Amino acid sequence: MNIEIKNGRLVEPEAGSERTQNVYIADGRIAAVGAAPAGFKADRVLNVSGLVVSPGLVDLSARLREPGLEYRATLESEMQAAVAGGVTSLVCPPDTDPPLDEPGLVEMLKFRARSLDQARVYPLGALTQGLKGERLTEMAELHDAGCVAFSQPGTTMTDNQVLMRSMQYATTFGFAVWLRPQDATLSLDGVAHDGEVATRLGLSGIPVCAETVALSAILILARETGARVHLCRLSSAEGVELVRQAKRSGMPITSDVGAHHVHLSDMDIGYFDANCNLVPPLRDKRDRDSLRAGLLDGTIDAICSDHTPVDDDGKQLPFAQAQSGATGLELLLPLTLKWAREARVPLATALARVTTHPLRVLGLPPALIAPGQAADLCIFDPEAWWRVEPGALYSQGKNTPMLGMELQGRVRHTLVGGRIVFDSLS
Amino acid sequence: MSADLQINTAGKLQHLLTTEGLPSEILLQILDTARSFVSVTEREVKKVPLLRGKAIFNLFFEPSTRTRTTFEIAAKRLSADVVNLNIATSSQTKGETLLDTVANLTAMHADMFIVRHSESGAAHLIARNVGPDIHVINAGDGRHAHPTQALLDMFTIRHYKGEFKELRVAIVGDILHSRVARSEIHALTTLGVPEVRVIGPRTLLPRQVQNLGVQVFHDMETGLRDVDVVMMLRLQHERMNGALLPSAGEFFKSYGLTPEKLARAKPDAIVMHPGPMNRGVEIDSAVADGRQSVILPQVTFGIAVRMAVMGILAGN
Amino acid sequence: MTLPDAEQLVDRLAEQIRREATASVALVGIYTGGVWIAERLHRALGLSTPIGTIDIAFYRDDYKKTGLRAGVKPSDIPFRVENADIILVDDVLYTGRTIRAALNEIFDYGRPTSIRLAALVDRGGRQLPICPQFVGATVEVDLDRTIELRRDEGGRFSLALTPASAPPP
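Small disclaimer: the values here were computed from a predicted structure and weren't measured. (Residues numbered from 1 in each chain as written. Chains lettered and ligands numbered in written order. Predicted model: local features only at pLDDT ≥ 70, side-chain atom pairs only at ≥ 80, totals over all residues.)

Caption draft 1: Quick look at the overall build of chain A. A count of helical and extended segments in chain A gives 13 helices and 19 strands. Compactness check: chain A gives a C-alpha radius of gyration of 21 Å against a globular reference of 22 Å for 426 residues, within 12% of the reference. By principal-axis analysis of the C-alpha atoms, chain A measures approximately 65 × 50 × 45 Å. Residue burial in chain A is summarised as follows: out of 426 residues, 58% are buried. Pairs at least 24 residues apart make up 76% of the contacts formed inside chain A by residues separated by at least 6 positions. (Helix = DSSP H or I, 4+ residues; strand = E, 2+ residues; numbered from the N terminus. Rg over C-alpha atoms; globule rule 2.2 N^0.38 Å. Buried ≥ 20, exposed ≤ 12 C-beta atoms within 10 Å, placed from the backbone. Contact = placed C-beta atoms within 7 Å.)

See the structure below:
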C-alpha cells in the first residue's frame, strides 16, 4: 500500500532535528521525504497537520504474558496495547511460565507475534535454565531461534561464579547480557524502598545497597569478562552514580529506567496503593531526581515501560501480597513527553530515549525517517490530554499508579513496515 | 495518592485505622469519652444500650484471643451483637479473596468490622472497599498500626500522669516490627509529648525512625534517664532467626527492664507493656509485678477505650 | 416575655421537696443544669446522701441521628441505688425524652424504691407520659426558642431564651 503522510512535524531523534515535511511510503519502506517520488500514487493519505511524526517507539521491556500467564493478559490484547501506545518494536523479558529457556518456546512466541502482524517482538532468552541462576541455557540455539540477548530479570543470581561464567559464555558468541541489579538476600521479603515511607507504613524495606551491591558485582565481573552488559531498571541515586563512573571509564555498558520511576517516588504509595508496588521499588525523591539527571546526561540510555499487566485480583490485596508491576505500553509516550516538558528537554532529545537509544542497546541500526528505511512510525498529538482510566487502555492490565490522572500525548496512527497497524478513532 | 480515609466529609471519624494524622481533638475526644465508660465498667450493670441492634464483626485474619476478647467484651457492653470470625480457619484458606470475604459479610448487614491482619495496609484496603454506613476499626495490621492499643496507652498515661505536655516517654525493644510502637509514637507526638525516645539495638530500629519525631538511643541506661513513662515492647522469638539478634539472653542483658535499669527513670515513672509479656526476655518479673507497673490497669482501660471508639464511630 | 427569676424558682423547689421528702432522699442531677440545681438543693436541704450526677449520653434515643456528642462526662452515683428514694433533678423539662433516658440509666445501677422528678422549669410539649412531682414554674416557650439555665461566676442562676438550634426531637 502506498501511503502519503502530509504536513506532519517530522522529528529526527538521531539528528536532533524537527521539520514539517511530507513522508511517502511504498513497499513497506520510506520511499521519500519532502517531495513525492516520481509517479507516486497514494492509496491512503493521512493529513497529520499539527501532529508529530516520529520513528516508532522501541520498548526495551514489555511483558506479553505468553506463554503461561494468559489469565493476566493475552498476546492479542497486549500487542494491541503496544501499537496503541505507538510502540513498533518491543523486547519481552524471559520470565514467562515456563521461562524462555527452550528454543521451541521462543519460536512459538515469535510465530504467534508475527501472525498478529503488529509490533516487532524481540524476545530475551533466559540466561540460566529455569532462571534459577545455576545452569547455563543453550544460548547459541536460543539466539538462532530469535533471542536478541540473555537476561536474568529477577534478582541478581546469588552465585557469583555462575554470574561470571554466564557472562564469559555469552561473550564467546558476542551476545549481550541484560541484568537487573538487585541482591537477592538484601532484598529478601522487601516490598518497598527502605526509607521513611516504609518505616511509617510498616512495610519491609529493600535498601539501596541491594542495588549497589549487585551493581558493583556485575560491573566488576563485566570488566573481568569483557561482557556487553545492559543494566535493567535503575532505581537509586547511588546506582546511577556507579553506572556513570563505569561509563566514564569506558566500559561498554548501557542502562534503562522504567517510565513510572522517572516520575514517582515512594511518597506516591500514599496509604498502601498497591499500584505502586513496583520492581524495583519506587525510591525517594532524591533518587528519582537522580534518575532524571541520569537520563539527561546519558548515564541512563533509555526509558522503557516495563509493561507488566496484573489483573484486579492481583492488586486488590494488602500491599505486600499484591503482584508487583504496572501496565505501561500505552503510557511510555505520554510519560516520556511529561519528562521532556518538566526537564525542558527538546522533543527530539526525549524521543531519542525511546527510539534511537533502545535500538543502540539492541545493536540495531538507528531509527531514521529517510528513504530506504523501514517505515516504522508513530504519529501522535503531543498536546492532546487524555484521562488514564480502564476504558482508555487496550491492555488487559489497568494497573498503573497513574489511574485517574490526566496525561498529554495521544497516538493517532502507528505504522509497522509501512502498514497502518493502529488508527485511533478521532 | 489516597485521601485520608479515616475522616469523612463532615470532619468526623469514619474509621479508626491509624493514629497517624488524627488531630489531637479526636484523640482527646476518645480519651474523654473513655472516662465515662470506665465509670460504666465500675457499676453493677456494665452495659449501656448505645449500640443496640448494631452488628459488629470481629474479622481476625491473624489469631489473637486477648485482643479479640477485649473487643468482644467492649461491643457487648454497648449492647451490640457480636460475631467472631476466625478467618484463618474458614473461607480464606479456600482461596476466597480478602475483599470477597468482606463483601459477603457486608451482605449479612454488618455495621462495623474490627480487623486484625498480618499484612500492613489490610485495614485500609477493607475501609476503601466498604459502603458509607460501615465502619472499620484496625485491631492491628502487620507492622503498621494498632491504634486502639495506642489510645488505651494514652489513657493510661493520662490517668497516672495528668498532662502530656511535660512528659518524657521511652519505648524500648523491637521497634522495627512493632505496630504498637508506630501508633504510640504518632499519638504521643500529636498530643504534645515533648520527648519521645526509642531504645533498641540498631538491627531493631527502622530506617530514618527519627523522622517520626523521636530521639534514638542504643544504650538503655542513658535512654531511660529521667523518663516518666517506660513502654516495653514484646520481643518475638522469630527475631533470633533472621540474624537480627543473637539470643534472648543477650537481649535481656542490654534491653531487658530490670529494677536496676528502671531506677534510672524518675522514681514515680510508670511501666507499661501491651502484652503478652515475655518475662525474663524484655521485662523482669520484679518489675512486671512491681509497684510501678500499670500493666494490669492497661487491660481494664482497654475495654473502656474500645467502647469509646466503637460508640463514637457507630454514631458518625 | 419575662422569664421568672431562677433563684426564686430554686427556693420554691427546695420548699416543695422539704415538705414532701424525708431526709434520707437521694438527689440525682442530670448534667449540666440538673447537677447545678441538685448541688444547690443538697446544701439547702442539708441532705446526708451525696448527690449522684448522670450524663444520659449513652441512653439517648437520638443516637442514630446525631451520634455521640463530644464532652460526655462520666456518670457517678456514689450511693446505693438499690432500695433508694431518688429525686431526679433537671433544669428544663420539655419532651420528656431526657427523663426517660435518665430513668433507664438509673435502673442500670440498681432497683430504687421510688424515683420522683424535680424540674426547675416545665415548658410543656411532652412527647412521653412523664410528669414532674416538683416544679419551680411552668413557662410557655415558642417552638423556635430554647430556654436555658445559666450560672454566673458568683454561682447565681438565671434563665435565658435562645433561638433553638434544632427542632425538638
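So, next bit.
Caption draft 2: Representation of helix α7 (residues 237–248) of chain A in the model. Residues and elements named next belong to chain A. If you check α7, its first and last C-alpha atoms are 16 Å apart, about what 12 residues at 1.5 Å a residue would give, namely 16 Å. Residues of α7 that are buried sit in contact with α6 (208–225), β14 (229–231), β15 (253–258) and α9 (285–297). Just beyond α7, the residue with positive phi is G250, at close to 95°. (Expected span 1.5 Å × (residues − 1).)

Caption draft 3: Up close: the interface of chain B and chain C. Counting residues at the interface gives 18 residues for chain B and 15 residues for chain C. Within the residue set of the side of chain B that touches chain C, elements represented by two or more residues are α1 (24–41) and α11 (295–315) of chain B. The element best represented in the side of chain B that touches chain C is α1(B), accounting for 7 residues. For the side of chain B that touches chain C, a count of residues per class yields 6 nonpolar, 7 polar and 5 charged. (Nonpolar A, V, L, I, M, F, W, Y, C, P; charged D, E, K, R; others polar.)

Caption draft 4: Geometry of the sheet that holds strand β5 (residues 134–138) of chain C. All names here are of chain C. Within the open sheet, the 5 strands sit side by side as β2-β1-β3-β4-β5. Their pairing is parallel. Each edge of the open sheet carries a strand with a single partner, namely β2 (52–54) and β5. Direction aside, neighbouring strands of the sheet carry axes that sit 25° apart on average. For strand β1 (residues 26–30) and strand β3 (residues 85–93), the ladder comprises 4 bridges, and the chain directions are parallel. (Pairing = 2+ DSSP bridges. Axes fitted to C-alpha atoms, helices over the stretch in contact; angles between N-to-C directions.)

Caption draft 5: Unusual backbone geometry, seen in detail. Residue P276(B) is bonded to the preceding G275(B) through a cis peptide linkage, with omega at -10°. Here P276(B) lies in the loop between β9 (270–272) and α10 (285–288). Look at the link from Y31(C) to T32(C): it is a cis peptide, with omega at -10°. Note that T32(C) resides in the loop between β1 and α2 (33–45). Not every positive phi belongs to a glycine, and D189(A) is a case in point at roughly 65°. Looking at the element boundaries, D189(A) is found in the loop between β11 (177–179) and β12 (192–193). Residue class for D189(A) comes out exposed when judged on the 10 C-beta atoms lying within 10 Å of it. In this model, D226(B) sits at a positive phi of 65°, which is unusual for a non-glycine residue.

Caption draft 6: Examining the sheet that holds strand β9 (residues 125–126) of chain A more closely. Residues and elements named next belong to chain A. In space, the 6 strands of this open sheet follow the order β9-β10-β11-β14-β15-β16, with parallel pairing throughout. Each edge of the open sheet is held by one strand with a lone partner, namely β9 and β16 (302–304). One ladder, built from 2 bridges, connects β9 with strand β10 (residues 150–152); its direction is parallel. Paired with G125 across the strands is F150, a residue of β10.

Caption draft 7: Molecular detail of the packing of helix α5 (residues 147–161) of chain B against α11(B). Residue and element names in this part refer to chain B. Where α5 meets α11, the axes come as close as 8 Å, and the angle between the chain directions of the two elements is 120°. Handedness of the crossing formed by α5 with α11: right-handed. Contacts between α5 and α11 involve T148, L151, L152, D153, F155, T156 and H159 from the first element and P297, Q298, F301, G302, V305, R306 and V309 from the second. Residues that form the contact of α5 with α11 fall into these classes: 7 nonpolar, 5 polar and 2 charged. (Left-handed = near helix turned anticlockwise from the far one by under 90°.)

Caption draft 8: Expanded view of the interface of chain B and chain A. Taken together, the contact pairs 25 residues of chain B with 23 residues of chain A. Among the elements of the structure, α3 (98–106), α4 (122–128) and α6 (179–190) of chain B are those that each provide at least two residues to the side of chain B that touches chain A. In terms of residues, the side of chain B that touches chain A owes the most to one element, α4(B), which gives 3 residues. A breakdown of the residues in the side of chain B that touches chain A according to their chemical character gives 9 nonpolar, 10 polar and 6 charged.

Caption draft 9: α6(B), seen in detail. Residue and element names in this part refer to chain B. Under the 1.5 Å per step criterion, the end-to-end length of α6 is 17 Å for 12 residues, consistent within 8% with the ideal 16 Å. Most of α6 sits inside the fold, with 11 of its 12 residues counted as buried. Taken together, the buried positions of α6 are occupied by R179, V180, A181, R182, S183, E184, I185, H186, A187, L188 and T190. Those residues of α6 that are buried are in contact with α1, β4 (135–141), α5, β5 (168–172), β6 (195–199) and β8 (229–232). Residue G192 follows α6 closely and has a positive phi angle near 90°.

Caption draft 10: Representation of the environment of P207(A). Residues and elements named next belong to chain A. Note on placement: P207 falls in the loop between β13 (205–206) and α6. Residue classification places P207 among the partly exposed residues on the basis of 19 C-beta atoms within 10 Å. Residues P207 and P281, spaced 74 residues apart in sequence, show a C-alpha to C-alpha distance of 9.6 Å. Other than its neighbours up to four places away in sequence, P207 contacts L186 and D194.

Caption draft 11: Structural view of the nonpolar core. Formed by 285 residues in total, the largest nonpolar core has its most connected members in V53(A), F150(A), V177(A), V172(B) and V230(B). Ranked by the residues each element gives to this core, the list is headed by α11(B), at 12 residues. Setting aside residues no more than four positions away along its own chain, V230(B) makes contact with A170(B), V172(B), L224(B), L257(B), L262(B), A265(B), A269(B), V271(B) and M272(B). (Core = buried A, V, L, I, M, F, W, Y, C linked by C-beta atoms within 7 Å.)

Caption draft 12: Up close: the confidence of the model for chain C. Residues and elements named next belong to chain C. Mean pLDDT over chain C: 92, with 97% of residues reaching 70 or higher. Within chain C, the element-level pLDDT minimum falls on helix α3 (residues 63–66), averaging 88, and the maximum on β1, averaging 97. Among the scores for the predicted complex, ipTM is 0.92 and pTM is 0.91. (pLDDT = per-residue confidence, 0-100.)

Caption draft 13: Local environment of the pairing of strand β17 (residues 377–387) of chain A. Residues and elements named next belong to chain A. Judged from the 4 bridges that link them, strand β5 (residues 52–55) and β17 form a sheet pairing that is antiparallel. Across the sheet, the residue bridging to S54 is C378, located in β17. Pairing geometry for β17 and strand β18 (residues 406–416), over 8 bridges, is antiparallel. Residue L377 lies in a different strand from β18, and its bridge partner there is L415.

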